[in-house]
Each structure stands twice: as C-alpha cells, then as structure tokens.
Amino acid sequence: MDALLTRTKKKEQTHQKISGSEALLQCLMEEGVTTLFGYPGGAIMPVYDALYGYSDKLNHILVRHEQGAIHAAQGYARVSGEVGVALATSGPGATNLITGLADALIDSTPVVCITGQVFAHLLGTDAFQEIDVINTTNPVTKWNVQITEAKDIASAVAKAFYIARFGRPGPVLIDITKNAQNEILESFEYKKCEHIRTYKPKPDLPLEQVEEAATLINNAKQPYLLAGQGVLLSGAVQALLHFSEKTGIPVACTLLGLGAFPTDHPNYVGYLGMHGNYGPNVNTNECDVLIAVGMRFDDRVTGNVAKYATQAKVVHVEIDRAEINKIIKADVPIHADAKEALLALTDLCKAKKHNDWMNSFKKLNQLEYDKVVSPEFDPGGEMKMAEVIHHLSNLTNGNAILVTDVGQHQMIASRYYQYKDPRTNVTSGGAGTMGFALPAAMGAKLAKPHKQVVAVIGDGGFQMTPQELGTIMQYNIPVKILVLNNSFLGMVRQWQELFHNKRYSSTEMTNPDFVKLVEAYNIPARRATQRNELLPMLHEMLESKTSHFLEVVVGKEDNVFPMIPTGAGVADMLLEKIN
C-alpha cells in the first residue's frame, strides 16, 4: 500500500503545472526542510510570493539582516544535525551572506543558501542589484551553481543538499535568476540525489592503516587522543567513549569538539587550545602516540608547529583528505569516517589502563587550578567572567545549549562550562565571527524548542548584530541572552596589555544602555553590577518562559589565562602575566 501511495504521489507530482518558485519550495519540503531564515527583495520576490501559499508547511523567519539569516541557519544546523536554509535577494542581499558562508565552510556546517538573481538576459549588464554571486562566493562555498531555467531547479537542489550533508559538511549556494523563478514547468518531479560520480563523501575504511594504528596504540606507554568536531559530525560520540574506556586513553577536546566527550568522565582531561587547560596542552609534547580524530590541527591548537608533538607518533583520522598532512605530518594517516575508524580501532586495541600517565594530567591541571582557577573565584573585587560561567554551568547542570560569540567570553565559556551532551556547544571557531551568537541562538532555539538555549556574548559582539532582537521579538523566540560587559574589545585589549605595553588603541568602548535598548524590543532585561545580584538574576533569566536579557558588568582588565603566546609552543603556555 505504501509503495502504491508513493507511486501515486510521484505521478501527481509529475503532471502538475508549477512555477519555478513553487518547484523550489516543494524541493525543500522533499528534503525535510521545515524552517527557513531569510529577507525578501526584488530578485527573489517570486519565491516569497509562492511562499505565501506555503505558510502552513514552511516556517519562514524574517530576520533583520541577511547575515542574521545565515548565522541562524548555522545555529539550526549545528544543534539539529540537519541542513540549515537561508534565503536572500541579489546584490547586497547575497553579499551579506558572505561572512556566514565563510564561517560555515571552515567550521563544517551544512547550510544551503538560495539567492535571487536578475533576469538571465540582464546577466553581465550591471543591472540593478546584479552581482556575480557565483565568482564572489566560490572561495567560501563547498559548491555553488547558478540556475537560469526552471527545469534545472530540482536537480540543483537535490545535489546541493547531498553535497552540504555528506562527507565533510559545508555550505552550498544556489543562485536563481528571476525568469527561472517565474517560468512555468509543464511537469515537475523531485528525485533526491544519492550519488555524484565525481564526489565520494565517505571513503572506504583503510584497514591496513587502522591495523598499523592499533599496533602503535597497543605498544604506547603514553597515548593521547584529541577529539574534534568530526566526532560529533559523524555521530561517533559513543564510539569514542567506548574506545577510551577500553584503552584507558585520556581524551581532550578542541573548541568545536567540546561536547564530544563528557566533561565529568574520568578519562576527560580538558580543553585544548590557546586558552585551553594547562595539562592537555603541555602533555601534547609528552605523549608517545598522538591520536587526532576529526580535527584539523588548527593553529590555535598547535601553537608553533615546529615545537608541536615532535616526540610523538601521530595517527590522524580525518574524512577530508586535504586536511591530512596539511599542517602536522601523520605517521599513520587514516582517511576515513571517524565513527567507522573508532569502531575498528576499538576492536583491534587491547584493554589497558594508563594510571601514571593520567595522573600527570591531574598534577598539571592542579597547578592550573592553584594559579588560575582559584584566583578567578576570589570573592573580593570586581566580578569575573569565570564566576559568571561557573554559576551558569551549575544552574543548567551543563545541559543547556550554549551559543557563544567570539572573544574573551568565548574562551572563558569553553573553559568553565561543563558540557555534558553532544551538539550543545555552538560557536564560531575557525572564522572567529563577532556577531555570530545572537542570530545563531535564534536558530538553535527554533531547532530545539524544548532545550534551554543561552547566548553568551561580549559587549562588542552584541553590537554587531543587535537588530536580530527584532526577530526574537516578532517570533517570540525564548532565547536567553547573557552579555558580559567589560567596556572593551577584551581579547584585543588583553594582547595590547601583555604584548604592546598597554597601548589600548581603539579597543575601549563607550556603550549604550543595553537594558533600555533591549527593553525597546519588549524583551525583559536586567543588569547585574554587584556580586550579590548575580545568582538571583541568573535564576530569573533561566526560569523565564520568554526571551530574557541579562547584562553582567565584569572587570575591565579581566584576562584569560592560561594562554599560548604567538610563536610559542604548547609546552610554553603561560599561567599568569609575566611582568
């Protein structure tokens, strides 16, 4: 009966007359899309006209800026595991997507952007709002295509979703001319893409390399695993947990890998990177076998590559062949899906314990606690970012979705929020996009309406995309917004203090009254300036059934330690300021 209904549906679909715009919307629904983020304009108006009749099937969120649309689509994709979708018009509408496309490409986020374009006969004439979107977005997309005839829409959409989803995920853009949107198709049929001859998203598991890696791991005295976002993207969280528990190997997470391994597990040793935990960074240069899974050896993780893990044999599990041997040479490269590789390694590796090795992390992290963490919770003086995030983590039990912007607050959140679950850490990693958090939090909340979603933002980043408060207001999106206000572009100021003799060039900010600004959007807003106000106001924010804004005034010269200075190796991490 199901097969008969499917054939009947396909037959009806084939014989209906339909515009290119309506065909586009039906394609999206066939791909399981329910939510769109966008901003209309002349060149995409036919799509919005068709959307008018699909309001019961497709939930369109009118953002206040196209950058907000793509960041919202990213947030939606990151927490749901589905493809996020953004719509924009031609010219400046399309170019306003560029930042988000670049962010999604480097952070492996599956989004499909659909832009309107001028009529095909006007292409190349510098018509009103005509931009060469294909060449403009080529460096920041996994694939892009321009459609000039309605008959090509269905196949392009199918290919776009396949490429965005599979292999290393990423952003795709479809540019559709206005005539193609208006054109009437005599028949329409949608067929999902299941194969592209020139694209093999999942490589075959190289068993010989897996066996070679298992031999190295079995003979290792001090093995160490670095977990990146690839663990999350491949659905390898449980596979990683079983591998670590069987082998006794300590696990650290990259910035985007946070949530791939529970922070309360005894084998978890901390957060990697420039402002990560001391033990995980220093012991990178002490291990004898380094196993990197689903991570790309970003410069924020490696520091000076000439000083990085030179003593270790490196096993690199990575689905993107271009990342293997790009920065750190792998002794055993495993070009494979992270889940498949971890399952195979678990079967081949021996059950072991590495108690002494694990204890070395504890000793180093105790040193960090004494020199860095403990002073962060000194009850005197100005409020510190660390104590705010610590309380937030405790109040949410590490189960909220935390969407962070870029800067000191991002590093503090990564250090002090205890992520318990996968896909609860949403941040801009490789691109470092200020203004990311507020719209991304909207998308995350719409994807997971029953989860607590908290946007943690600095005062600088908050002023990059504050217009999206209007979107939150219009659609009653109950996100919680926590702004840590130090009246500085804090991360830049910290470097100016430490390495430029406190020459604070263009980093101090005269801010508006954020509470009044937010209240203008009918969002409840509070400001905490005293320590005794913090916990009650955090409780109030988290318990609110609506969106809620809390500004916490923190120390203006509050620094983030530890840190790896430019040019230093991971073992040269600073625990405190050097006078």
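On a predicted model such as this, the values are computed, not experimentally measured, just so you know.

**Things to note about the overall build of the protein**
Here is step 1 of the chain: Helices and strands together make up the secondary structure of the protein, namely 24 helices and 20 strands.
Here is step 2 of the chain: Its C-alpha atoms give the protein a radius of gyration of 25 Å, within 12% of the compact-globule value 25 Å for 579 residues.
Here is step 3 of the chain: Each principal axis of the C-alpha distribution contributes one length, and for the protein these read about 70 × 60 × 50 Å.
Here is step 4 of the chain: Expressed as a percentage of its 579 residues, the buried residues of the protein come to 58%.
Here is step 5 of the chain: The long-range fraction of contacts in the protein, counting pairs at least 24 apart against all pairs at least 6 apart in sequence, stands at 76%.
Here is step 6 of the chain: Accessible area of the protein: about 23300 Å², with a carbon and sulfur share of 51%.
Here is step 7 of the chain: Within the protein, one finds 53 positive and 61 negative side-chain charges whose respective centroids are separated by 4 Å.

**Some points on helix H18 (residues 408-416)**
Here is step 1 of the chain: Of all 9 residues that make up H18, 9 are buried, and the element is covered over most of its length.
Here is step 2 of the chain: Considered for burial, the residues of H18 that qualify are Gln408, His409, Gln410, Met411, Ile412, Ala413, Ser414, Arg415 and Tyr416.

**So, the packing of helix H17 (residues 385-396) against H18**
Here is step 1 of the chain: For the pair H17 and H18, the least separation of the axes is 9 Å and the interaxial angle reads 45°. Comparing the axis directions of H17 and H18 gives the class oblique. In this structure, H17 crosses over H18, and the sense of that crossing is right-handed. For the pair formed by H17 and H18, the contact residues are Met385, Ala386, Ile389, His390 and Ser393 on the first element and Gln408, His409, Ile412, Ala413 and Tyr416 on the second.
Here is step 2 of the chain: In terms of residue class, the contact of H17 with H18 is built from 6 nonpolar, 4 polar and no charged.

**Section: the side chain of Glu130**
Here is step 1 of the chain: As for its placement among the helices and strands, Glu130 is situated in the loop between strand E5 (111-117) and helix H7 (133-137).
Here is step 2 of the chain: Of the side chains bearing the opposite charge, Lys178 lies closest to the buried Glu130, which forms no salt bridge; the N-O distance is 14 Å.
Here is step 3 of the chain: A polar atom in the side chain of Glu130 sits 3.4 Å from the backbone nitrogen of Thr125.
Here is step 4 of the chain: Setting aside residues up to four positions removed in sequence, Glu130 forms contacts with Gln117, Val118, Leu122, Leu123, Gly124 and Thr125.

**Structural notes on the packing of helix H10 (residues 207-219) against helix H15 (residues 338-348)**
Here is step 1 of the chain: In contact at an axis separation of 9 Å, H10 and H15 are set at 50° when each is read in the N-to-C sense. The angle between the axes of H10 and H15 places the two elements in the oblique class. Read as a crossing pair, H10 and H15 show a hand that is right-handed. On H15, the residues touching Val210, Glu211, Ala213, Ala214, Ile217 and Asn218 of H10 are Ala344, Leu345 and Leu348.
Here is step 2 of the chain: Broken down by class, the residue content of the contact of H10 with H15 amounts to 7 nonpolar, 1 polar and 1 charged.

**Comments concerning the packing of aromatic side chains**
Here is step 1 of the chain: A full pass over the atoms with the stated rule returns 14 aromatic pairs.
Here is step 2 of the chain: Look at Phe462 and Phe514: their rings are 5.4 Å apart centre to centre, the planes differ by 85°, and that puts the pair in the edge-to-face class. One end of the pair, Phe462, is in helix H20 (residues 459-462); the other, Phe514, is in helix H23 (residues 514-519), and 52 residues separate them in sequence.
Here is step 3 of the chain: On the accessibility criterion, Phe462 (1% relative accessible area) is buried.
Here is step 4 of the chain: Note on Trp495 and Phe499: the rings are 5.0 Å apart at their centroids and 50° apart in plane angle, and the pair reads as tilted.

**Thoughts on the nonpolar core**
Nonpolar side chains tend to gather and get buried jointly when the protein is soluble and globular.
Here is step 1 of the chain: Residues Tyr224, Leu290, Leu392, Leu482 and Val552 are the most contacted members of the largest nonpolar core, which totals 101 residues.
Here is step 2 of the chain: Ranked by the residues each element gives to this core, the list is headed by helix H16 (residues 355-376), at 6 residues.
Here is step 3 of the chain: Once you skip the residues sitting within four places of it in the chain, Val552 turns out to touch Met383, Val388, Leu482, Val483, Leu484, Asn485, Ala528 and Leu534.
Here is step 4 of the chain: Ala94, Leu97, Ile472 and Phe514 belong to the second largest nonpolar core, which has 48 residues in total.

**Some points on the state of the cysteines**
Here is step 1 of the chain: Evaluation of the coordinates by the stated rule reveals 0 disulfides.
Here is step 2 of the chain: Between Cys27, a cysteine without a disulfide, and Cys193, which holds the nearest cysteine sulfur, the sulfur-to-sulfur distance is 13 Å.
Here is step 3 of the chain: Cys27 sits in the buried class, given a relative accessible area of 0%.
Here is step 4 of the chain: Looking at the unpaired Cys113, the closest cysteine sulfur is the one in Cys27, lying at 17 Å.

**What to know about the sheet that holds strand E18 (residues 480-485)**
Here is step 1 of the chain: If you trace the 6 strands from one edge of the open sheet to the other, you get E16-E15-E17-E18-E20-E19, paired in parallel fashion. Edge positions in the open sheet fall to strand E16 (425-427) and strand E19 (525-528), since each of these has one partner strand only. Averaged over all pairs of adjacent strands, the angle between strand axes in this sheet comes to 20°, irrespective of strand direction.
Here is step 2 of the chain: Together, strand E15 (401-404), strand E17 (453-458), E18 and strand E20 (548-553) form the strand contacts of H17, whose direction differs from that of E18 by roughly 160°.
Here is step 3 of the chain: Across the sheet, helix H19 (residues 437-447) touches E15, E17 and E18, and the angle it forms with E17 is around 175°.

**A closer look at the environment of Asp152**
Here is step 1 of the chain: Residue placement: Asp152 occurs in the loop between strand E6 (143-147) and helix H8 (153-165).
Here is step 2 of the chain: Take Asp152: its relative accessible area is 25%, and that puts it in the partly exposed class.
Here is step 3 of the chain: Measuring from C-alpha to C-alpha, the distance between Asp152 and Ala180 comes to 8.8 Å, with 28 residues separating the pair along the chain.

**Comments concerning unusual backbone geometry**
Here is step 1 of the chain: Going from Phe561 to Pro562, the amide bond is cis rather than trans, its omega being 0°.
Here is step 2 of the chain: Note on placement: Pro562 falls in the segment after E20.
Here is step 3 of the chain: With phi around 65°, Asn325 is a residue other than glycine that occupies positive phi space.
Here is step 4 of the chain: One can find Asn325 in the loop between strand E13 (313-318) and strand E14 (332-335).

**A few points about the side chain of Asp103**
Here is step 1 of the chain: With respect to the helices and strands, Asp103 occurs in helix H6 (residues 98-106).
Here is step 2 of the chain: Although Asp103 is buried, it makes no salt bridge; Arg78 carries the closest opposite charge, 5.0 Å away.
Here is step 3 of the chain: A distance of 2.5 Å separates a polar atom in the side chain of Asp103 from a polar atom in the side chain of Ser428.
Here is step 4 of the chain: The contact partners of Asp103, leaving out residues within four places of it in the chain, are Gln74, Ser428, Ala431, Thr433 and Phe436.

Scoring rules and cut-offs
Residues numbered from 1 in each chain as written. Predicted model: local features only at pLDDT ≥ 70, side-chain atom pairs only at ≥ 80, totals over all residues. Heavy atoms only, no water. Helix = DSSP H or I, 4+ residues; strand = E, 2+ residues; numbered from the N terminus. Rg over C-alpha atoms; globule rule 2.2 N^0.38 Å. Buried < 20%, exposed > 50% of the residue type's maximum accessible area, 1.4 Å probe, protein only. Contact = heavy atoms within 4.5 Å. Areas by Shrake-Rupley, 256 points an atom, 1.4 Å probe, with all protein chains shown as cover. Lys, Arg positive; Asp, Glu negative; His and termini not counted. Charge placed at Lys NZ, Arg CZ, Asp CG, Glu CD. Axes fitted to C-alpha atoms, helices over the stretch in contact; angles between N-to-C directions. Parallel < 35°, antiparallel > 145°, perpendicular 65-115°, else oblique. Left-handed = near helix turned anticlockwise from the far one by under 90°. Nonpolar A, V, L, I, M, F, W, Y, C, P; charged D, E, K, R; others polar. Salt bridge = Lys/Arg side-chain N within 4 Å of Asp/Glu carboxyl O. Polar contact = N/O pair within 3.5 Å; in protein donor to acceptor, adjacent residues only side chain to side chain. Phe/Tyr/Trp six-rings, centres within 6.5 Å; stacked < 30°, edge-to-face > 60°. Core = buried A, V, L, I, M, F, W, Y, C linked by side-chain atoms within 4.5 Å. Disulfide = S-S within 2.5 Å. Pairing = 2+ DSSP bridges.

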